[in-house]
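Per-entry structural report
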Amino acid sequence: MRRERIPLLFSLCALLAAGMGTYLQGEGGAEIEILDPELVTVTDTTFILTWRTNLPTDARVRYGTSPRCWEEVVRSAEEATRYHMVEVGGLSPGVTYFYEIESGGVTGRPTPLSPGVVQTLVPPPGPLRFRFATMNDMHVGEETAGLILLPPDIELCPGFSWPDPQTPYWRFMNEAAVAEINEAGVDFVVVKGDITAEARREEFVWAKEILDALTVPYYVLRGNHDRQGERLDDPFLEVFGLDRSFYTFDEQDYRMIALDSVEPRSGIGEISEAQFEWLAEVLDESRQKRVMIFLHHPVALQVVTPGMAVRQPDAARLLALLAPYDNIVGIFSGHTHRNQIRFAPASTGRAPLAETAATKEYPGGYTLYSVFEGGYMQSFYEVRCPECREWSETTRQECYGTLARNKLGTLHERNYV
Ligand SMILES: [Fe+2]
């Protein structure tokens, strides 16, 4: 999605003072409604807004460093659409910007998720060392999203499908993420599990075809949907050419540890005894490095909904194992399809226990990390393709919209230093 910046030829302040910019009529006289505006992404130099409208129309964002005195306008260069995304770039780090969104001549009002004000991030000190991206919960091969059934067959939440079966949503969402990550320019990518819907071999093959379009090395983790089950074969390992499902790789003086948090038959979150023994050795020999840990299920201090995290005895044991080390700088997970940050101060200090939302459905995207000498910066991006925008807005309504806020997380859980 290309965006066009339009310098203002005259001061919008004067127009606003004259009362323009609110509740004008859309084309054809129909009232344009701006729905669910969200400030999704913030970096040190950009912010990105999404919203939809009841009718196809245009999209623009006015912004500046003073409220209601706009310095510039950024307009989406798309054709008229109901699904909008506008990126404002070229900003200064650590600066507060005010903004207004507009579609069809109607100005959106500030909301809790799009407050009309944003402070850009301040990067950590020191030079940029490397960048990487994560994706998770690709669910390749899935036909329906968001369906929740209660036994025996009571539909608690209806599912959503893409109308054209020839272009399944998992394909365009994941392919868009891969293309945008390539465009962003990173050094490697970690795919944090639930790569497939049902662990079928052909699903792994399709997933590998999508991921092979990445122009940098990528590393895959197993999720509960990718579990071996009762089979003797293990297409997760075989298709991706892995000897085993837990391993390390290094980037400069960082040691990246990939764990398999999946009990093979049930898919419940657990850390096997073999991994605990291996991890103890890896941590011991990594004392001179900074360590990032990746696993599909989140690691939580408190008892949470069963199945949502690594089960408690193993989570407590993992955090106890990490406690003596002050070089753990982050634990990164997927599985919950939400953006969330928690901490385990007694174990991992200031290192976040970070969960990121699914690539395949609302909010639908990927996460970029910029690693500097003095720390790292995380920013979550929603994918941009027109079908992706529509699918994200559609799946926002999963379980009657009750899950949307939780999945999106707060601005600071998606974007932080
Ligand atoms: Fe999962």
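Up top is the structure.
In short, a report on the structure. (Residues numbered from 1 in each chain as written. Predicted model: local features only at pLDDT ≥ 70, side-chain atom pairs only at ≥ 80, totals over all residues. Heavy atoms only, no water.)

A look at a nonpolar patch on the surface
On the surface, Ile148, Leu150, Ile154, Leu156 and Leu403 cluster together into a nonpolar patch covering about 380 Å² of accessible area. Looking at the nonpolar patch, the elements that each hand over two or more residues are β11 (148-150) and β12 (154-157). Topologically, Leu403 is positioned in the loop between α8 (386-395) and α9 (404-408). Overall, Leu403 belongs to the partly exposed group, its relative accessible area being 32%. (Patch = residues over 30% accessible without salt bridge, like charges linked within 9 Å, V, L, I, M, F, W, Y side chains within 5 Å. Areas by Shrake-Rupley, 256 points an atom, 1.4 Å probe, with all protein chains shown as cover. Salt bridge = Lys/Arg side-chain N within 4 Å of Asp/Glu carboxyl O. Helix = DSSP H or I, 4+ residues; strand = E, 2+ residues; numbered from the N terminus. Buried < 20%, exposed > 50% of the residue type's maximum accessible area, 1.4 Å probe, protein only.)

Things to note about the sheet that holds strand β3 (residues 47-57)
Here three strands make up an open sheet; going across it, the order is β2-β3-β6 and the pairing antiparallel. Both edges of this open sheet fall to β2 (34-42) and β6 (81-88), since each of them pairs with a single strand only. Adjacent strand axes in the sheet meet at a mean angle of 20°, parallel and antiparallel pairs treated alike. In terms of strand pairing, β3 meets β6 through seven bridges, oriented antiparallel. Pairing of Leu49 across the sheet is with Val86, part of β6. Here α8 sits on the sheet and contacts β3 and β6; the angle it forms with β6, its principal contact strand, is near 105°. (Pairing = 2+ DSSP bridges. Axes fitted to C-alpha atoms, helices over the stretch in contact; angles between N-to-C directions. Contact = heavy atoms within 4.5 Å.)

Focus on the pattern of salt bridges
As enumerated under the stated definition, the model contains 39 salt bridges in all. Linking Glu393 and Arg52 is a salt bridge whose minimum nitrogen-to-oxygen distance equals 3.1 Å. Here Glu393, found in helix α8, pairs with Arg52, found in strand β3; they are 341 residues apart in sequence, far enough to count as distant. Like Arg52, Glu393 is buried. Across the pair Asp250 and Lys289 runs a salt bridge whose closest N-O atoms are separated by 3.5 Å. Placement of Asp250 in strand β15 (residues 247-251) and of Lys289 in the loop between α5 (273-285) and β17 (290-294) is noted, with a sequence separation of 39 residues between them. For Asp250, a relative accessible area of 35% puts it in the partly exposed group. Overlapping salt bridges, with partners in common, bring together Asp36, Glu38, Arg52, Glu382, Arg389, Glu393 and Arg396 in one network.

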